[in-house]
Each structure stands twice: as structure tokens, then as C-alpha cells.
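Residue-level structural notes
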Amino acid sequence: MTTTKNTATTATATAPQAPVLTRSAEAETCADPSATMTLLAETDPGQGGFTVYRSTFSEGAAGAPSHFHTKAWELFFVISGSLEVLVDDEVTVLGAGDFLAVPPHTPHAFAAAPGAEADVLCIFTPGMDRFDYLRLLGSVMRGETPPAAIAASSERFDNHYVDSPAWRAALERRA
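Everything in this summary refers to the structure shown in the same document. Note that the coordinates shown come from a computational prediction; the quantities given were computed from them, not determined experimentally.

Re helix α1 (residues 130-141)
Each α-helix turn comprises 3.6 residues. Residues three or four places apart therefore point the same way. For α1, spanning twelve residues, the distance from its first C-alpha to its last is 16 Å, which sits close to the expected 16 Å at 1.5 Å a residue. When we look at burial in α1, the residues that qualify are Arg130, Phe131, Tyr133, Leu134, Leu136, Gly138, Ser139 and Val140. Remark: Gly143 follows α1 within two positions and exhibits a positive phi of approximately 80°.

Written out as C-alpha cells, the structure reads:
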């Protein structure tokens, strides 16, 4: 297979990629106090790559604070329940069957909607070793790793936290 770059004269040969199959019973899980992430598939980001995992949030559980990615798209498909999301400065609620694709450089955040659980399929492309990030996040949430480790990993995992008055207001309404 040949992949052509921006000019017609530059071509790069790439090896064929193998199909990816993860059996439910064999998938690794990461848990923190509010969610369980089932790690489904992660491929080489150098070849386009993707990361796919399923997040199951308990009722009203916090998800991710406001952040953005410089390289990756983050996609959400709500399997069941309700997910409250921030995209730029707008907060909305996604329900079962809703899909959201957040492009790079777009501030976003998410959490189970107030009074609801949420079961969400999450996809990143390219993948950027997101499984390692989820493992780190779980370790911090459980108190096993200092929170500073998350800030130190922002470039490696393409996860950049930003303040959002709209998201802070949404979280204050929950209290």
C-alpha cells in the first residue's frame, strides 16, 4: 500500500495493518472513584492510530475537567444514560444514541449528567498512548500517584487543561 503525502511526488510505503479484536472478557479495566474504563483497542499513532475505550460513570460522577488536545479528535457515543458536556463555552446534555466529535484545539469537558449514570464509548484519533494516560489518571484518583504527574504528562498524552467559566458554573449548579 502506498500513502501519498501533500505533494504528488512524495510517497511513503506503509505496512498493512492487522485487524484489531478485543474480547470483552479479556479487556483491561481501569477504575477510579467515579468511573470504570474498559480499554478496548489502541493502535500505533504513527500510522494514523486510534484509541477506543468504554467509560461507565456512576450517577452524577465527574468525568474530565475542561481540556483540549492539539493533535487528536475525541469522539463520544452515549450507549446509555446521560452525559453532560462542554464544547467551547456551551454546556449541553447528550442522551443515549447521541454522538459528539470534538476537533483538536477545542476546549471540552464531560461528566455524567446530574442524577444520571452514563455509559459512553470514547474514541481518540490518533491514539497518543491514551491507555497509559487512563492508567495514570486512575492512579492519581486513587491517591497512589501525586496529582502533579498529570500536569507533567500533558505533552506526552496531548491533554492540556484550561479554565472554563461555563464548566465551573455547570459544576456549581450540581452542588
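What about the pattern of salt bridges?
Applying the stated criterion to the full structure yields seven salt bridges. The shortest N-O distance in the salt bridge between Glu28 and Arg135 comes to 2.6 Å. Taken as a pair, Glu28 in strand β3 (residues 28-31) and Arg135 in helix α1 lie far apart in primary sequence, 107 residues in all. Arg135 gets classed as partly exposed once you look at its relative accessible area, which sits at 32%. The partner of Arg135 in a salt bridge is Asp132, and the shortest N-O contact between them spans 2.7 Å. Linking Arg135 with Asp132, this pair stays in helix α1, spanning three residues, or about one helical turn.

Notes on the environment of Gly127
Positionally, Gly127 belongs in the loop between β11 (118-125) and α1. Look at Gly127 and you get buried, because its relative accessible area is 0%. The sequence separation of Gly127 and Arg54 amounts to 73 residues, and the corresponding C-alpha distance is 14 Å. Those residues within four positions of Gly127 in sequence are excluded, and the remaining contacts are Glu42, Pro45, Gly48, Gly49, Phe50 and Thr51.

What to know about unusual backbone geometry
Looking along the chain, the bond that leaves Thr125 and enters Pro126 is cis, with omega of -5°. By the element assignment, Pro126 lies in the loop between β11 and α1. Positive phi values are uncommon outside glycine, yet Asp88 reaches one of about 60°. Mapped onto the fold, Asp88 is located in the loop between β7 (73-87) and β8 (90-95). Look at His105: it is not a glycine, yet its phi comes out positive at around 70°. Positionally, His105 belongs in the loop between β9 (99-102) and β10 (108-112).

What to know about the packing of aromatic side chains
A full pass over the atoms with the stated rule returns four aromatic pairs. Their ring planes at 70° and their centres at 6.1 Å tell us that Phe57 and Phe110 sit as a pair that is edge-to-face. Taken together, the positions of Phe57 in strand β5 (residues 51-57) and Phe110 in strand β10 put the pair 53 residues apart, joining distant regions of the chain. For Phe110, a relative accessible area of 7% corresponds to the buried category. Among the aromatic side chains, those forming a connected cluster through ring pairs are Phe57, Phe76 and Phe110. It is Arg130 that lies over the ring of Phe124; its NZ or CZ is 4.1 Å from the centre.

Rules and cut-offs
- Residues numbered from 1 in each chain as written.
- Predicted model: local features only at pLDDT ≥ 70, side-chain atom pairs only at ≥ 80, totals over all residues.
- Heavy atoms only, no water.
- Helix = DSSP H or I, 4+ residues; strand = E, 2+ residues; numbered from the N terminus.
- Expected span 1.5 Å × (residues − 1).
- Buried < 20%, exposed > 50% of the residue type's maximum accessible area, 1.4 Å probe, protein only.
- Salt bridge = Lys/Arg side-chain N within 4 Å of Asp/Glu carboxyl O.
- Contact = heavy atoms within 4.5 Å.
- Phe/Tyr/Trp six-rings, centres within 6.5 Å; stacked < 30°, edge-to-face > 60°.
- Lys NZ or Arg CZ within 6 Å of the ring centre and 35° of its normal.

Keep in mind that these numbers describe shape and distance, not what the molecule does.
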